Amino acid sequence: MGKHLTKRADDYSKWYNELVVKADLAENSAVRGCMVIKPYGFAIWEKMQAELDRMFKETGHENAYFPLFVPKSLFEAEEKNAEGFAKECAVVTHYRLQNDPDNKGKLRVDPEAKLEEELVVRPTSEAIIWNTYKGWIQSYRDLPLLINQWANVVRWEMRTRLFLRTAEFLWQEGHTAHATKNEAILEAKQMQDVYAEFAENFMAMPVVKGVKSDSERFAGAEDTYTIEALMQDGKALQAGTSHFLGQNFAQAFDVKYTSKEGKQEYVWATSWGVSTRLIGGLIMTHSDDNGLVLPPKLAPIQVVIVPIYKNEEQLEAISEKVNEIVKQLRKKGISVKFDNRDTFRPGAKFAEYELKGVPVRIALGNRDLENGTLEIARRDTFKKQIVAQKDAVDFIEQLLQEIQDNLFTKAINYRKEYTTVVNDFKEFKKAIKKGGFVSAHWDGTEETEDRIKEYTKATIRCIPNEAIEEEGVCVLTGKRSTKRVLFAKAY
């Protein structure tokens, strides 16, 4: 199956689109710009969701749910946020359809059913949530308020790509309220750390933690903290963001609390989110010309067992042994599938699970049964080994961790190879053409940032948290600079 994929080197974009569809992750829907996430793709999202949800709750957050619709007057309350999202908003103007008198069997919008106020389909939920928080927060005893919601949002994108950019997508969004500025900043940074830990420990996707430049900052935020990953085509992916909102939303929605001293104060706010875009990042970080390569911690199926047999008698004997192994693996918390379908030959099954990125494949035939062995193949390197059945479970447990570690190491090495330090604009243009992250001095102005983008299509991905203070000059203008920032072309 993987042999029918376009090669990454020939057309990376086409390879990605084909892989998402052929690996049964998602497909385009009847609604322009929207996708159907298929069971295998949704199973990956569920695994991501489960781990992130655990991490959020361990840091004191609770889940809630808020309406899909936001009255336009509420959406307008925080001007920068409204302006930033205005062009992407879907808007509900009527509440009823009726039979069309001029077209039998068809419907039309009832002109008499116009809403008194238009409803925005949420592109993000700050407005509706902060309007709600006004009734939840009165005293310092109500703080901090640490809420997350798992939801869908709509951003009316014109150019879409499955998982990476669709008109509707799934995500989580955290919205927190704090008594002090320092508490809110620590919260925003903590969630950046949570996202980075998830990306590296579960997705095996190395990220750079940093702060966005003013022009790349979330609309309505005072600071946006980001994690940036590098894909195999040399483009960057913004994989998660956490925003320090200051008191902008508290002032817009009049959310105040009575302090211990009896004073009325505005609360300090954060918001933070990751989306199904992470699945796109997962695909583009690890997969190859043969199909998906999934890190074991997020693979819906970690181990697949394929029986090799000539008749029903052999299948019955093999199945008995396989069921023992399956039971032992599941006791270890390992997800395993025994594919005993008689409608496909073993070769077709091997190709299917290779395409779907199952980390470990076991083949068990009649001869293996006699010898007390089985064949274990790993998806990341295609290496095969003959292992004694009695050692198989411990071997597989260790192998899954090896694969997880190997994928992270491979991705780290790729990022090192494609991170270039430059000191002038000639070097800069050459490095951007090569692809990857480019570390360069910048004079701190939006004008320079815009000009660099115009000349090269590269943007400032972040000012790294670990950027070292050093004297230098901007690669474009020659003006003074005190630290390097990371540029790249991006999704």
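The structure we're discussing is the one just above.
Model, not experiment: these values are computed from the prediction. (Residues numbered from 1 in each chain as written. Predicted model: local features only at pLDDT ≥ 70, side-chain atom pairs only at ≥ 80, totals over all residues. Heavy atoms only, no water.)

Peer 1: Help me understand the overall build of the protein in this model?
Peer 2: In terms of helices and strands, the protein carries 14 helices and 27 strands. In terms of overall dimensions, the protein has a C-alpha envelope of 80 × 70 × 55 Å along the principal axes. With 491 residues in all, the protein has 52% of them scored as buried. Taking all contacts inside the protein whose residues are at least 6 apart in sequence as the whole, residues at least 24 apart take part in 68%. When the accessible surface of the protein is summed, it comes to about 23,700 Å², and 47% of that surface belongs to carbon and sulfur atoms. (Helix = DSSP H or I, 4+ residues; strand = E, 2+ residues; numbered from the N terminus. Buried < 20%, exposed > 50% of the residue type's maximum accessible area, 1.4 Å probe, protein only. Contact = heavy atoms within 4.5 Å. Areas by Shrake-Rupley, 256 points an atom, 1.4 Å probe, with all protein chains shown as cover.)

Peer 1: Hey, could you run me through the nonpolar core in this one?
Peer 2: As a rule of thumb, soluble globular proteins bury nonpolar side chains together. Membership of the largest hydrophobic core comes to 55 residues, with the highest contact counts inside it found for Leu25, Met48, Phe163, Phe198, Met203 and Ile283. Ranked by the residues each element gives to this core, the list is headed by helix H2 (residues 39–58), at seven residues. When sequence neighbours within four positions are dropped, the list of residues in contact with Phe198 reads Met48, Glu51, Leu52, Met55, Met203, Leu278 and Leu298. (Core = buried A, V, L, I, M, F, W, Y, C linked by side-chain atoms within 4.5 Å.)

Peer 1: What's the story with the sheet that holds strand E24 (residues 459–464) in this structure? I'm lost.
Peer 2: Sheets are built from strands that pair by backbone hydrogen bonding, the pairs being arranged parallel or antiparallel. Spatially, the 11 strands line up as an open sheet ordered E3-E9-E10-E16-E13-E12-E11-E24-E27-E23-E22, and their pairing is mixed. Strands at the two margins of the open sheet, each flanked by one partner only, are strand E3 (62–63) and strand E22 (419–421). Of the pairings in the sheet, the one linking E22 to strand E23 (residues 437–441) comprises three bridges and is parallel in character. In the strand pairing of E23, Thr420 is matched with Val438. Contacting E22, E23 and strand E27 (484–488), helix H13 (residues 425–434) runs over the sheet at an angle of about 165 degrees to E23. (Pairing = 2+ DSSP bridges. Axes fitted to C-alpha atoms, helices over the stretch in contact; angles between N-to-C directions.)

Peer 1: Just to check I follow, could you spell out the pairing of strand E13 (residues 236–246) for this structure?
Peer 2: The side chains of a regular strand alternate between both faces of the sheet. Summarising burial for E13: 10 of the 11 residues are buried, a large majority. In this sheet, E13 lies alongside strand E12 (residues 223–230) in antiparallel orientation, the contact comprising eight bridges. Across the sheet, residue Leu230 finds its bridge partner in E13, namely Ala236. Connecting E12 to the antiparallel partner E13 that follows it, the hairpin turn spans five residues, and Gly234 within it adopts a positive phi of roughly 85 degrees. Across five bridges, E13 lies against strand E16 (residues 268–275) in antiparallel orientation. Among the inter-strand pairings, Thr241 is bridged to a residue of E16, identified as Gly273.

Peer 1: So what exactly am I meant to see when it comes to the packing of aromatic side chains here?
Peer 2: The relation between two aromatic rings is expressed through the spacing of the ring centres and the mutual angle of the planes. Under the definition given, this model contains 18 aromatic pairs. With 6.4 Å between their ring centres and 75 degrees between their planes, Phe66 and Tyr133 make a pair best called edge-to-face. Residue Phe66 is found in the loop between E3 and strand E4 (69–71), and its partner Tyr133 is found in helix H5 (residues 126–136); the two are separated by 67 residues along the sequence. As far as the burial class goes, Phe66 and Tyr133 line up, both buried. With 4.6 Å between their ring centres and 25 degrees between their planes, Tyr414 and Tyr418 make a pair best called stacked. Linked through ring pairs, Trp45, Phe56, Trp150, Tyr195 and Trp272 together constitute an aromatic cluster. We note Lys235 situated over the ring of Tyr491; from NZ or CZ to the ring centre the distance is 5.2 Å. Its guanidinium or amino end placed over the ring of Tyr418, Lys434 lies 5.2 Å from that ring's centre, counting from NZ or CZ. (Phe/Tyr/Trp six-rings, centres within 6.5 Å; stacked < 30°, edge-to-face > 60°. Lys NZ or Arg CZ within 6 Å of the ring centre and 35° of its normal.)

Peer 1: Please explain unusual backbone geometry as it appears in this structure.
Peer 2: As a rule of thumb, non-glycine residues mostly have phi less than zero, and peptide bonds are mostly trans rather than cis. Here Leu143 and Pro144 are connected by a cis peptide whose omega angle stands at -5 degrees. Among the secondary structure elements, Pro144 is positioned in the loop between H5 and strand E9 (145–154). A positive phi angle, close to 55 degrees, is found at Asp254, a residue other than glycine. Examined against the element boundaries, Asp254 turns out to sit in the loop between helix H7 (248–252) and strand E14 (256–258).

Peer 1: What am I meant to see in the packing of H2 against helix H8 (residues 277–286) here?
Peer 2: Each packed pair of helices is defined by two parameters, the angle between the axes and the distance between the axes. Between H2 and H8, whose axes approach to 10 Å, the crossing angle comes to 105 degrees. Judged by the inter-axis angle, H2 sits roughly perpendicular to H8. The segment H2 lies against H8, with Gly41, Ile44, Trp45 and Met48 engaging Leu278, Ile279 and Leu282. Considered class by class, the residues forming the contact of H2 with H8 number six nonpolar, one polar and no charged. (Parallel < 35°, antiparallel > 145°, perpendicular 65-115°, else oblique. Nonpolar A, V, L, I, M, F, W, Y, C, P; charged D, E, K, R; others polar.)

Peer 1: Got a minute to help me understand H13 in this structure?
Peer 2: In an α-helix there are 3.6 residues to a turn, and that puts residues three or four apart on one side. Three or more residues of H13 are buried, namely Phe425, Phe428, Ala431 and Ile432. Projected down its long axis, H13 shows its buried positions confined to an angular sector of 120 degrees, all on one face. Residues of H13 that are exposed and angled more than 90 degrees away from the buried face: Lys426, Lys430 and Lys433. Buried residues belonging to H13 abut E22, E23, helix H14 (446–456) and E27. One side-chain oxygen of the residue at the start of H13 lies 3.1 Å from the amide nitrogen of Lys426, identifying that residue as Asp424. Directly after H13, the chain includes Gly435, whose backbone phi takes a positive value near 100 degrees. (Arc of directions from axis to C-beta. Polar contact = N/O pair within 3.5 Å; in protein donor to acceptor, adjacent residues only side chain to side chain.)

Peer 1: What is the right way to read the packing of helix H1 (residues 12–22) against H8 from this model?
Peer 2: Contact pair H1 / H8: the axes reach a minimum separation of 11 Å and the direction vectors enclose 120 degrees. Between H1 and H8 lies a crossing whose hand is right-handed. Contacts between H1 and H8 pair Tyr12, Trp15, Tyr16, Leu19 and Val20 from the former with Gly280, Ile283 and Met284 from the latter. When its residues are assigned to classes, the contact of H1 with H8 shows seven nonpolar, one polar and no charged. (Left-handed = near helix turned anticlockwise from the far one by under 90°.)

Peer 1: I would appreciate a short explanation of the environment of Thr477 in the present structure.
Peer 2: Tracing the chain through its elements places Thr477 in the loop between strand E25 (472–473) and strand E26 (480–481). Between the alpha carbons of Thr477 and Leu52 there is a distance of 42 Å; along the sequence they are 425 residues apart. Contact partners of Thr477, with chain neighbours within four places excluded, come to Asp443, Thr448 and Arg451. A polar atom in the side chain of Thr477 sits 2.9 Å from the side chain of Asp443. One polar contact links the side chain of Thr477 to the main-chain amide nitrogen of Lys479, over a distance of 3.3 Å.

Peer 1: Looking at this structure, I do not really get the pairing of E9. What am I missing?
Peer 2: In terms of burial, E9 is largely enclosed, as 10 of its 10 residues are buried. Neither face of E9 is open: one carries Leu145, Ile147, Gln149, Ala151 and Val153, the other Leu146, Asn148, Trp150, Asn152 and Val154, and all of them are buried. Sheet topology places E3 next to E9; two bridges connect them, and they run parallel. Looking at the pairing, Asn63 lines up with Asn148 of E9.

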